[in-house]
Amino acid sequence: MIPGRHPSHPTFRRSFLFAIQGFRTAVRQERNIKVMLAGGAVAVVAGLIIGLDLMSWAIVTLCCGVVISSELVNTAIETVVDLVSPEFHPLAGRAKDIAAASELVLCVAVGIVGLLVYVNALLR
């Protein structure tokens, strides 16, 4: 919303459509979201091959969703930083680096969780 304006809030349906539009834009324009989606697809195929139980599927689904969501937030942060600071500024660079670090930490944690889930499934 633009400050100083008093538009009515969009309906739930319109908000949902805006979210879908944002997801489509990210998938079309951002390489990393494609990598994360491919990783999720690999996790699903591996789960089908191994025969994960219901709780393991819940963990894998949650991990995939959190990683994709985090990548979308990281992309949004980087886009806003680029908007407010089109030329290089050390603070803008720091903000983008910290957002990327957040994504990296989450991916490492999810990788460890994935190893635990899949190794556990293979050993049973």
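Computed from a prediction, not measured in an experiment: that's the story for all the values here.

What counts, and at which threshold
One numbering rule holds for all chains: residues counted from 1, following each sequence as written. Reporting in this predicted model follows two pLDDT cut-offs: at least 70 for local features of residues, and 80 or more for side-chain atom pairs to be given and counted; totals over whole chains, interfaces and linings ignore these cut-offs and use all residues. Side-chain metrics rest on all non-hydrogen atoms present in the structure, leaving aside hydrogens and water. In this description a helix means any DSSP run of H or I spanning at least four residues, a strand means any run of E spanning at least two, and both kinds are numbered starting from the N terminus. How far a helix is expected to stretch is found by multiplying one less than its residue total by 1.5 Å. In this scheme, a residue with accessible area under 20% of its type's maximum is buried, one over 50% is exposed, and one in between is partly exposed, where area comes from a 1.4 Å probe on protein chains only. What makes two residues a contact is simply this: any of their non-hydrogen atoms within 4.5 Å. How sure the predictor is of each residue is captured by pLDDT, a score from 0 to 100. Note on geometry: axes are lines fitted to C-alpha atoms, helical ones only across the stretch in contact, with angles between N-to-C directions running from 0 to 180 degrees. Should an angle fall under 35 degrees it is called roughly parallel, over 145 degrees roughly antiparallel, and 65 to 115 degrees roughly perpendicular, with every other angle called oblique. Note on residue categories: nonpolar means Ala, Val, Leu, Ile, Met, Phe, Trp, Tyr, Cys or Pro, charged means Asp, Glu, Lys or Arg, and polar means any other residue, Gly included.

**Looking at helix H3 (residues 54-84)**
Note on helix geometry: an α-helix contains 3.6 residues per turn, so any two residues three or four positions apart are oriented the same way. Here H3 spans 45 Å end to end across 31 residues, near enough to the 45 Å set by a 1.5 Å rise per residue. Among the residues of H3, those classed as buried are Ser56, Val60, Cys63, Cys64, Val67, Ile68, Ser70, Glu71, Asn74, Thr75 and Val81. Considering only its buried residues, H3 is in contact with helix H1 (12-29), helix H2 (31-50) and helix H4 (90-123).

**Quick notes on the confidence of the model for the protein chain**
Close reading of the predicted structure is inappropriate where its pLDDT is low. Averaged over all residues, the pLDDT of the protein chain is 93; the fraction at 70 or higher stands at 94%. Mean pLDDT values for the elements of the protein chain range from 94 in H1 up to 97 in H3.

**Considerations on the packing of H2 against H3**
Across the interface, H2 lies against H3 with an axial gap of 9 Å and an inter-helix angle of 175°. As the angle between them shows, H2 and H3 are arranged roughly antiparallel. Here Asn32, Ile33, Met36, Leu37, Gly40, Ala43, Val44, Gly47 and Leu48 of H2 come into contact with H3, specifically with Trp57, Val60, Cys64, Val67, Ile68, Glu71 and Leu72. Partitioning the contact of H2 with H3 into residue classes produces 12 nonpolar, three polar and one charged.

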